[in-house]
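So you can see what is in the structure, the chains are spelled out below.
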Amino acid sequence: MNKKVNDIFKLRKDREYDSRLAGVTGSYRFDVENTGSWFINVDDGKVSVSEKKADADCVIYCNEEDFVQIAKGKQNLLT
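S.K.: Would you explain the pattern of salt bridges in this entry?
M.R.: As enumerated under the stated definition, the model contains 3 salt bridges in all. Two residues, Arg-15 and Asp-18, come together in a salt bridge whose shortest N-O distance is 3.0 Å. On the accessibility criterion, Arg-15 (41% relative accessible area) is partly exposed. For Asp-18, a relative accessible area of 5% gives the class buried. What you see here is one network of salt bridges that share partners, running through Arg-15, Asp-18 and Arg-20.

This is the structure we're talking about:
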């Protein structure tokens with residue numbers, strides 16, 4: 001597994017609340033090519049992260065390099 005990708009999800013997992021996500025509710029799954037799948041549930045700023053492939057409101061599929069750039073805010077998720 002790519003250490004950078006795993007570290008990014010671990011950091012997110014350690015922060016259970018994000019005030020920037022207050023009012024946001026939804027589930028997201030990141031499928032990172034050749035690395036794994038992570039499920040993120042957001043409920044009014046409360047964030048839970050688990051390494052699993054589950055049904056989600058939004059599924060993002062990308063390679064490791066693009067994921068790291070997206071997570072760092074250096075690449076637009078939609079492009």
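S.K.: What should I look at first to understand the state of the cysteines in this one?
M.R.: Cysteine pairs can be covalently joined through their sulfur atoms, and such a bond is termed a disulfide. This structure, assessed with the given rule, holds 0 disulfides. Free of any disulfide, Cys-58 has its nearest cysteine sulfur in Cys-62, 11 Å distant. A residue is classified by how much of its surface remains accessible, and Cys-58, at 28% relative accessible area, is partly exposed. The buried category is assigned to Cys-62, whose relative accessible area is 9%.

S.K.: Got a minute to help me understand the sheet that holds strand S3 (residues 46–50) in this structure?
M.R.: Whenever strands of a sheet pair, they do so through backbone hydrogen bonds, lying parallel or antiparallel. Strand order in the open sheet formed by 4 strands is S3-S2-S1-S4, with mixed pairing between adjacent strands. Here the strands that pair on one side only, and so sit at the sheet edges, are S3 and strand S4 (58–62). On average, adjacent strands in this sheet sit at an angle of 15° to one another, irrespective of strand direction. Bridging between strand S1 (residues 25–32) and S4 involves 5 bridges; their strand directions are parallel. In the strand pairing of S4, Val-32 is matched with Cys-62.

Reading guide: rules and limits
Residues numbered from 1 in each chain as written. Predicted model: local features only at pLDDT ≥ 70, side-chain atom pairs only at ≥ 80, totals over all residues. Heavy atoms only, no water. Salt bridge = Lys/Arg side-chain N within 4 Å of Asp/Glu carboxyl O. Buried < 20%, exposed > 50% of the residue type's maximum accessible area, 1.4 Å probe, protein only. Disulfide = S-S within 2.5 Å. Pairing = 2+ DSSP bridges. Helix = DSSP H or I, 4+ residues; strand = E, 2+ residues; numbered from the N terminus. Axes fitted to C-alpha atoms, helices over the stretch in contact; angles between N-to-C directions.

Spatial relationships are all this shows, so hold off on functional conclusions.
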